[in-house]
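Geometric and topological summary
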Amino acid sequence: MKLVTAILRPENLDKVREALCDVDIPGMTVTEVKGFGKQKGHTELYRGTEFTVEFVHKVKLEIAISNKNLDLLINTISDIARSGKKGDGKIFVTDIEKVVRIRTGETDHDAL
Amino acid sequence: MKKFILLALLPMTAFADVINGADTAWIMTSTALVLFMTLPGLALFYGGLVRSNNILSVLMQCFAIAGIVSILWFVAGYSLAFSGDNPFIGNLSNFMLAQVSIDSVSGSIPESLFAMFQMTFAIITPALIVGGFAERMKFSAVLLFSSIWLFVVYAPITHWVWGGGWLGDTLDYAGGTVVHITAGVAALVAAIVLGPRQEFLKKPIPPHNMTMTFIGAAMLWVGWFGFNGGSALSAGGDAAMAILATHISAAAGAMTWMFYEWVKFGKPTALGSVTGMVAGLGTITPASGFVGPAGALVIGIIAGAVCFNAVIMIKQKFKIDDSLDVFPVHGVGGICGTILVGFFASKELGIFSGQGGWGHEAIVISDQLQIQLTAVVATAAYTALATFVILKIIDVVTGLRVDSQTETQGLDLDSHGETGYNL
């Protein structure tokens, strides 16, 4: 079992969600986040004074998934979210030790 | 606004003593419009420009000023501005509006209405100054300052220009000197005396809600019809022409700033456009009832271009933290307008001609310009000096600034025990 954490452009969220529903991903958690990477920030101009906004708005997707579906998930996200420009985001994959479905008490693969 | 006094001095005062229903209805409407400029117009315009943890402090400062100035104006402010023959200050013969009864007439409207209309001007002027010291001044100091300033600066200068004082020949239709120069200069002095906000020029201090600022600015545009149109103190051609000139100048100021910014910095911004509009409105204020629409167009364009550069100069070159740019927009606009009306009131400029002076007599440009410049220098210099002294005294009595921890945390929680947003 893996936890896939993807940092994406906010405007790509809906497209990614639709594509993931089409390939039957069991669920996801979305958080609005701020940060910087290669894209750095952007500048805003108020009455001629320029401000650098150092942290860019992004969304963070967290999806728990079985090992066999991992590649499909990663490929789907990458294909949809890629514009080729700096700021498209990143995908991190980590191991999951245990999963529990609270309603039934099922664990691990049964709970995914 | 001074016209009624001149009319009252004419031999045919019989006409001036009768209340005119149309005039009264329009000035009542205008009174509401001018109050609407402060609450909620200016409060929202300023509120959106500060950070989210200071929003309530700005709304409360505008609101409390409206409350306290209303009472002080009723008690003594009106009397000090509009009674007696002294060239510098009125007297207290109208203390608590003692001489205003249901039958009192001022020009062709009830005097109670004239006092009330003037009250809304007395409210917005100190409220405008809030932009100069926003995000760092103690609430108690704000109230103390606004109250003293009303009596020491606003009432005397109103008397000089509109109340029969020594600057009575000045062409100032609705408050270029009385409102905008005094507010702008006072804001600048306050910004210097208080010193900059902690983050000024070190970290970004962006507006927290541009939608709020936009809504407030739009309310100012509408309210300004009452501010300038109402200053005719009647419901005739003067009022209509004042509104037309006001509107054209606002539009020209907004578009000038928008295109100027677009060319210079690459993008036409919402904040720039509405700021240009306010500049156009502030600048046309002294001129509104004296100039024609073509003159107003030129005035609006000049307002947009000059105030645009003034904002950048004050903040970036002189590094003065006039937080919400009161001086470069209102002060500089008021100065420009008070000078420009000396040209554009003239009847000899072809399509750019104006209506002439009070009572529409022809004016000689060179003579009038001297009068206008005298008024600009006198009001600016007196306001600067008096504001400085008032602030220094308050600094000793209560202190002016919140402590640095409060400033970092935001004024809302510390000064008012509330937060603007619980999301």
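Before going into details, it helps to say that this report is about the structure given with it.

So, the packing of helix α3 (residues 21-49) of chain B against helix α5 (residues 111-133) of chain B
All names here are of chain B. Following both chains from N to C, one finds α3 and α5 inclined at 15 degrees, their axes separated by 9 Å at the closest point. With respect to α5, the element α3 is oriented roughly parallel. As α3 packs across α5, the resulting crossing turns out to be left-handed. Here T24, I27, M28, S30, T31, V34, L35, M37, T38, L42 and Y46 of α3 come into contact with α5, specifically with L113, M116, F117, T120, F121, I123, I124, A127, L128, V130 and G131.

Considering the environment of G105 of chain A
All names here are of chain A. Following the sequence through the fold, G105 ends up in the segment after β6 (89-95). With 9 C-beta atoms counted inside 10 Å, the residue G105 sits in the exposed group. Sequence separation between G105 and A64 is 41 residues, and the spatial gap between their C-alpha atoms is 17 Å.

Quick notes on the interface of chain B and chain A
Listed per partner, the contact involves 14 residues of chain B and eight residues of chain A. Broken down by secondary-structure element, the contributors of at least two residues to the side of chain B that touches chain A are α10 (270-284) and α11 (293-317) of chain B. If one sorts the elements of the side of chain B that touches chain A by residue count, α11 of chain B sits on top with four residues. Here the residues of the side of chain B that touches chain A are counted per class, giving seven nonpolar, four polar and three charged.

So, unusual backbone geometry
The omega torsion across L39 of chain B and P40 of chain B is 5 degrees, close enough to zero to call that bond cis. One can find P40 of chain B in helix α3. A positive phi angle is found at R47 of chain A, which is not glycine, with a value near 50 degrees. Backbone geometry places K319 of chain B, a non-glycine residue, at a positive phi of 55 degrees. Topologically, K319 of chain B is positioned in the loop between α11 and α12 (326-344).

Side note on the nonpolar core
Judged by nonpolar contacts, the single largest core of 141 residues is most densely connected at L42, Y46, C62, L220 and A287 of chain B. Not counting chain neighbours up to four residues away, the residues in contact with A287 of chain B comprise Y173, A245, I299, G337, L340, V341 and F344 of chain B. Listed in part, the 12 residues of the second largest apolar core include A6, L20, I65 and A81 of chain A.

Criteria and thresholds
Sequence order sets the numbering: in each chain, residues are counted from 1 along the sequence as written. Labels are handed out in written order, letters beginning with A for the chains and numbers beginning with 1 for the ligands. At least 70 in pLDDT is required for a residue's local features to be given in this predicted model, at least 80 for side-chain atom pairs to be given and counted, and no such filter applies to totals for whole chains, interfaces and linings, which use all residues. Fitted lines through C-alpha atoms serve as axes, helices being fitted only where they are in contact, and the angles separating the N-to-C directions of these axes extend from 0 to 180 degrees. A run of H or I in DSSP counts as a helix once it spans at least four residues, and a run of E counts as a strand once it spans at least two, with each numbered from the N terminus. Angles are sorted into four bins: roughly parallel if under 35 degrees, roughly antiparallel if over 145, roughly perpendicular if 65 to 115, and oblique for all others. Left-handed describes a crossing whose near helix is turned anticlockwise from the far helix through less than a right angle; right-handed describes the clockwise counterpart. Working definition of a contact: two residues with C-beta atoms, positioned from the backbone, lying within 7 Å. Three classes are used. A residue is buried when 20 or more other C-beta atoms lie within 10 Å of its own, exposed when 12 or fewer do, and partly exposed in between, with C-beta atoms placed from the backbone. Each residue gets one label: Ala, Val, Leu, Ile, Met, Phe, Trp, Tyr, Cys and Pro are nonpolar, Asp, Glu, Lys and Arg are charged, and the others, such as Gly, are polar. By definition, a nonpolar core groups buried Ala, Val, Leu, Ile, Met, Phe, Trp, Tyr and Cys residues that connect through C-beta atoms lying within 7 Å of each other.

All we've got here are geometric facts, nothing functional implied.
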